[in-house]
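One letter stands for each residue in the lines below.
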Amino acid sequence: MRSDSITIETAVDLIESGEISSGELNSPVRRSPLPSGVTEKRVLRDVVVIALPSLVELVLTQLTGIADQIMVGRLPGREGVLALSAVGLAAQPKFLLMTMIQALNVGATALIARFRGQQDRAKANRVFSQAIALNLMISTVFMLLGIVLAEPLIRFMSGEGKLEETTIKAGVDYFLIQMYGFIPLCVGFTITASLRGIGETKLPLFYNTLANVINLFFNYVMIYGRLGCPKLGVVGASIATVIGQTAAFVIAMAVVFDKKQYINLRIKEKFRFDLPLIRSLASIGVPSMIEQLLLRAGIIIYTRTVAGLGEVMYATHQVLMSVQAMTFMIGQAFANAATTLMGQSLGKRRYDMAAVYMRRTRMIGILSGVLLGALAILLRRELIAVFNDTPEVIETGAGILFLLAFSQPFQSDQFIVSGGLRGAGDTRYTAVVIAVTVLGVRSGLGLLAVKVFDWGLWGAWIALMADQLLRSALMALRYRSGKWKKTAAIRFASADKS
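Criteria and thresholds
Residues numbered from 1 in each chain as written. Predicted model: local features only at pLDDT ≥ 70, side-chain atom pairs only at ≥ 80, totals over all residues. Heavy atoms only, no water. Phe/Tyr/Trp six-rings, centres within 6.5 Å; stacked < 30°, edge-to-face > 60°. Buried < 20%, exposed > 50% of the residue type's maximum accessible area, 1.4 Å probe, protein only. Lys NZ or Arg CZ within 6 Å of the ring centre and 35° of its normal. Helix = DSSP H or I, 4+ residues; strand = E, 2+ residues; numbered from the N terminus. Expected span 1.5 Å × (residues − 1). Bend = angle between axes of the 7 residues up to and from the residue. Patch = residues over 30% accessible without salt bridge, like charges linked within 9 Å, V, L, I, M, F, W, Y side chains within 5 Å. Areas by Shrake-Rupley, 256 points an atom, 1.4 Å probe, with all protein chains shown as cover. Salt bridge = Lys/Arg side-chain N within 4 Å of Asp/Glu carboxyl O.

A separate point is the packing of aromatic side chains. A complete count under the given rule lists six aromatic pairs for this structure. Summarising the aromatic geometry, the rings of Tyr 479 and Trp 484 are spaced 5.5 Å apart at their centres and angled 5° between planes, so their arrangement reads as stacked. The pair Tyr 479 / Trp 484 is uniform in exposure class, with both members buried. What links up through ring pairs into an aromatic cluster is the set Tyr 351, Tyr 479 and Trp 484. Just above the ring of Tyr 262 sits the side chain of Arg 121; from NZ or CZ to the centre is 5.6 Å. Over the ring of Tyr 302 we find Arg 442; its NZ or CZ atom is 5.6 Å from the centre of that ring.

Next comes the structure, spelled out in structure tokens:
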């Protein structure tokens, strides 16, 4: 494990700082030539070097989560269908409670990347320490809320009462265990987000990979009752997940307590809240929090609509969501690269480099999306059957995968453009887009398609794809307009003064 303070050197480090004119701030994004001294090969290298470890980490993380679904879904007979539904019920309430942490992480990544671009290590560390302190406060409150409200939340998610009581009880048990491990999970996420801000993706890859291996081992032992452990089913899957997350947290803390790291924690130093810096974090993070709240509200409405179709269709939906999560990984990895490189470029006032990085990153993402779509079509039945071998699940899921395959290039581009806008601190626009697409299109159209037109699960997924396509178009229009430049200048100016 590398423990020096040297971060990944990018092309931005090799060029002079720029000056920002009012004309540039108000102009749309144009296709500009590479700055002097910067080569195409170097730009692509920067994108790949930052994205690749993040991609491997996401693949392993998603595969572990998907392994949870596969392993509970392979329980014999109807037990597997009920287990898939139970795990699905617990997912959205957990994500809802994490919205403030996710918002905090967006602000931390953007500001740390900004100060990394300016080579201001002291300010980057101040952002990091403030983010960790806020995280501990927020995650403790939401952990307690989750424990108290576990059963009402899961019953609410079950929709119209068409799910069996056994499924609901298993969902409550799974969710409660997740809440007991909530603080390590949240703090670990903030450490990872902060390391990404300086371009460090190898260390998160290391500790998350180890955590995933631990999770898989305990899944095998606890779900099926191996090595003398009783068969715990869904409860075993949740315990194994918490054990893995806690292992990642312990290693991540060891990393940032190392004083040689570019960003690190120093317990002996007197800590106090830095209100101007917190306001800067909030100016970027609060719109992202609103975005996440709107996203989760829309998804909860949508999920309750699907839950009303019964266990088999809801289990099919969970399988399709797991397959979609697999396709998210490339877009998310390059979105992380876009956030980091955008922040570092703007830290040096090089809007031309920000545009160069975005253009190359989007190109890779779209091509990857085309490839993923082709693979999803070719392997559609095999992908569904891995999770559950119920004939109705396979037939319905394999058909709907055609919709998922078509959306792949648009989905990847949407992730990357959103990541770039977040790196610029332009988070309010994305919140509005989420309100329109997830609440208006996915939830609204989903309710119509399922309840009024009676299109079943197909109708729910037509609504989801319409959401993805519209969101992709709106994000691309925002980036092309160049309005994010002025937003970035305002957001980061206040951080520079703090």
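All right, on to helix H15 (residues 391-423) then. With 33 residues, H15 should reach 48 Å at 1.5 Å per residue; the first-to-last C-alpha distance of 45 Å fits that figure. At Gln 408, H15 shows its strongest bend, of approximately 50°, with the proline Pro 409 following within four residues. The first or second residue beyond H15 is Gly 425, which carries a positive phi of 80°.

Side chains of Leu 445, Leu 448, Val 452, Phe 453, Trp 455, Trp 458 and Ile 462 sit close together on the surface and give an oily, nonpolar patch of about 650 Å² of accessible area. Those elements giving two or more residues to the nonpolar patch turn out to be helix H16 (428-452) and helix H17 (456-481). The biggest single contributor to the nonpolar patch is H16, with three residues. Turning to its location among the elements, Leu 445 is positioned in helix H16. When its relative accessible area of 31% is taken as the criterion, Leu 445 is described as partly exposed.

As a further point, take the pattern of salt bridges. Per the stated rule, a full pass over the model turns up 14 salt bridges. The shortest N-O distance in the salt bridge between Glu 40 and Arg 360 comes to 2.5 Å. Residue Glu 40 is found in helix H2 (residues 40-73), and its partner Arg 360 is found in helix H13 (residues 351-378); the two are separated by 320 residues along the sequence. Residue classification places Glu 40 among the partly exposed residues on the basis of a relative accessible area of 32%. The exposure class assigned to Arg 360 is buried, which follows from its relative accessible area of 9%. Close ionic contact of Asp 352 with Arg 350 constitutes a salt bridge, the shortest N to O distance being 2.8 Å. What you see here is one network of salt bridges that share partners, running through Arg 42, Arg 45 and Asp 46.

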